[in-house]
Amino acid sequence: MKQLIIGQCLLILTCIFYLFFWYLGYRPGTSVNRGQGITGFFLLMIVISGIAGITLSLKITELTKKTVFSQIYIIIGGIAAYIILMLITKYGFDRFVTTELFLIVGWTTLEASILNRLVGSGILAGTKLICMTLVIAFAFVISMLLYVAYYRMEDRNAFYAAMVPLITEGLSMGILVSMLVSIK
């Protein structure tokens, strides 16, 4: 359980690093080499904390082998969701595909996998499970709405709107961490 909590905290830190990277590297009217200097540092921190956070979050498999659904269904669901959303956003909304779609779907799939294990092991149930499911779904919906709307917004609004998914996903993981800490 400790590894999961640390993993989720590292992913929250990844969101914070990404916020700094975005703020410094993507401000309207700013021309920055995103791979060098302070933005390069934040990009490196995103990669390091992100990989470590995902790795530790997935260590939950050592905590329990019990699940509600087979993990393969969640993985297949995540892949299918990505392909479907890619096609819908590209052809239905005329939005070209960017890394953010992969990150949104990947994060949601990771959190669904974690919830699946927590529920299967009896660690998370009832009101807490409903709350976490709604929080993750809310973060996903907000992220997708802003992903689709991004290129339709004025530059300054798009710049700030792009930060919202990092905040909602970071808060979602913070809520999960607080629930897990209270269970211990």
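Remember, predicted model here, so these are calculated numbers, not experimental data.

Caption draft 1: Highlighting the packing of helix α5 (residues 99-120) against helix α6 (residues 126-149). Packing of α5 against α6 leaves a shortest axis separation of 10 Å and a crossing angle of 175°. With respect to each other, α5 and α6 are oriented roughly antiparallel. Seen from α5, the contacting residues are Glu-100, Leu-101, Ile-104, Trp-107, Thr-108, Glu-111, Leu-115 and Val-119; seen from α6, they are Leu-129, Met-132, Thr-133, Ile-136, Ala-139, Phe-140, Ser-143, Met-144 and Tyr-147. Looking at the contact of α5 with α6 residue by residue, the classes come out as 12 nonpolar, three polar and two charged.

Caption draft 2: Representation of the nonpolar core in the model. Ile-114, Leu-118, Leu-124, Met-132 and Leu-176 are the most contacted members of the largest nonpolar core, which has 32 residues in total. Elements that contribute at least two residues to this core include exactly α1 (2-25), α2 (37-58), α5, α6, α7 (155-161) and α8 (164-183). Among the elements that line this core, the one with the most residues is α1, at nine residues. Counting residues in hydrophobic clusters, the runner-up holds seven residues, among them Leu-85, Leu-101, Val-105 and Val-148.

Caption draft 3: Spotlight on a nonpolar patch on the surface. Taken together, the side chains of Val-68, Phe-69, Ile-72, Tyr-73, Ile-75, Ile-76, Ile-79, Ile-83, Leu-87 and Tyr-91 present a nonpolar region at the surface, about 1000 Å² in accessible area. Secondary-structure assignment places Phe-69 in the loop between α3 (60-63) and α4 (71-92).

The rules behind these values
Residues numbered from 1 in each chain as written. Predicted model: local features only at pLDDT ≥ 70, side-chain atom pairs only at ≥ 80, totals over all residues. Heavy atoms only, no water. Axes fitted to C-alpha atoms, helices over the stretch in contact; angles between N-to-C directions. Helix = DSSP H or I, 4+ residues; strand = E, 2+ residues; numbered from the N terminus. Parallel < 35°, antiparallel > 145°, perpendicular 65-115°, else oblique. Contact = heavy atoms within 4.5 Å. Nonpolar A, V, L, I, M, F, W, Y, C, P; charged D, E, K, R; others polar. Core = buried A, V, L, I, M, F, W, Y, C linked by side-chain atoms within 4.5 Å. Buried < 20%, exposed > 50% of the residue type's maximum accessible area, 1.4 Å probe, protein only. Patch = residues over 30% accessible without salt bridge, like charges linked within 9 Å, V, L, I, M, F, W, Y side chains within 5 Å. Areas by Shrake-Rupley, 256 points an atom, 1.4 Å probe, with all protein chains shown as cover. Salt bridge = Lys/Arg side-chain N within 4 Å of Asp/Glu carboxyl O.

Geometric descriptors of this kind do not, in isolation, establish any biological role.
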